[in-house]
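A closer look at the structure
This is what each chain is made of:
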Amino acid sequence: VQLVESGGGLVQAGGSLRLSCAVSVTGLSINAMSWYRQALGKQRELVATISSGGDTNYADSVKGRFSISRDNAKNTVYLQMNSLEPEDTAVYYCQTILSFGIRSSWGQGTQVTVSS
């Protein structure tokens, strides 16, 4: 399983970014897809999850600002981030739950930096 995140960058507070994560997998189905983030010196935290049926869940800190979506035909998950705040600065990672509850490894992550 290979995960490749992209779309990060430097943005001013109040701006927007759209992250993408392309998943390459053979022989297994992709169930839930999630975005995590890890700020410098902090633990990795769950940001948003989308189930295979499209149900979504968000961390309280991003509710109303971030939106997770997926394109099953492309095995890709997206994270639309609006009204970005300096506190959103982190490396963002995606992860998937595959068939039989197998959890994928981490991708390389994509850096998001929000300036005040």
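In this report, the structure presented in the accompanying data block is examined. For clarity, every value in this text was computed on a predicted model and none was experimentally measured. Starting from 1, residues in each chain are numbered consecutively following that chain's sequence as written. Since the coordinates come from a predicted model, pLDDT governs what is reported: local features require at least 70, and pairs of side-chain atoms require 80 or more to be given and counted, while whole-chain, interface and lining totals use all residues. Each side-chain value is derived from all of the structure's non-hydrogen atoms; neither hydrogens nor water enter the calculation.

What the four strands build is an open sheet, ordered β1-β3-β8-β7; its pairing is antiparallel. Of all strands in the sheet, those bounded by a partner on one side alone are β1 (2–6) and β7 (66–71). Neighbour-to-neighbour, the strand axes of this sheet turn through a mean angle of 15 degrees, independent of strand direction. Pairing analysis gives six bridges linking β7 to strand β8 (residues 76–81), with the strands arranged antiparallel. Across the sheet, the residue bridging to S67 is Q80, located in β8. Here a strand pair is declared whenever DSSP counts at least two bridges between the two strands. Secondary structure elements follow DSSP: runs of H or I of four or more residues count as helices, runs of E of two or more count as strands, with numbering from the N terminus. In this description, a line fitted to the C-alpha atoms serves as the axis of each element, helices being fitted only across the stretch in contact, and the angle between N-to-C directions of two axes falls anywhere from 0 to 180 degrees.

This part covers the sheet that holds strand β4 (residues 30–38). The strand order across the open sheet formed by six strands is β2-β10-β9-β4-β5-β6, and the pairing between neighbours is mixed. The sheet is open, and its two edges are formed by β2 (9–12) and β6 (56–58), each paired on a single side. Ignoring which end each strand starts from, the neighbouring axes of this sheet average 25 degrees apart. Of the pairings in the sheet, the one linking β2 to strand β10 (residues 110–115) comprises four bridges and is parallel in character. Across the sheet, G9 pairs through a bridge with V112, a residue of β10.

With 27 residues, the main nonpolar core has W35, V47, F66, V77, L79, M81 and Y92 as its most contacted residues. Every element with two or more residues in this core is listed here: β3 (17–24), β4, β5 (45–50), β7, β8, β9 (90–98) and β10. Only buried residues count toward a nonpolar core, which is a set of Ala, Val, Leu, Ile, Met, Phe, Trp, Tyr and Cys residues joined through side-chain atoms within 4.5 Å. Exposure classes here rest on a 1.4 Å probe applied to the protein chains alone. A residue is buried below 20% of its type maximum, exposed above 50%, and partly exposed in between.

Cysteine sulfurs are considered disulfide-paired once they come within 2.5 Å of each other. According to the stated counting rule, one finds one disulfide in the structure shown. The disulfide bridge from C21 ends at C94, spanning 1.8 Å between sulfur atoms. Here the residue C21 occupies a position in strand β3, and C94 occupies one in strand β9, the gap between them amounting to 73 residues. For the pair C21 and C94, one class covers both residues: buried.

Right, let's get into the pattern of salt bridges. The rule for a salt bridge is simple: a side-chain nitrogen of Lys or Arg has to be within 4 Å of a carboxyl oxygen of Asp or Glu. By the definition in use, this model includes five salt bridges. E45 is the partner of R37 in a salt bridge, and the nearest nitrogen-oxygen pair spans 2.6 Å. Look at E45 and you get partly exposed, because its relative accessible area is 34%. With a closest N to O distance of 3.9 Å, R65 and E85 form a salt bridge. Of the two residues, R65 sits in the loop between β6 and β7 while E85 sits in the loop between β8 and β9, which places them 20 residues apart along the sequence. With a relative accessible area of 11%, R65 lands in the buried category. Taking relative accessible area as the criterion, E85 reaches 32% and is therefore assigned partly exposed. Three or more residues are tied together by salt bridges with common partners; here these are R37, E45, R65, E85 and D88.

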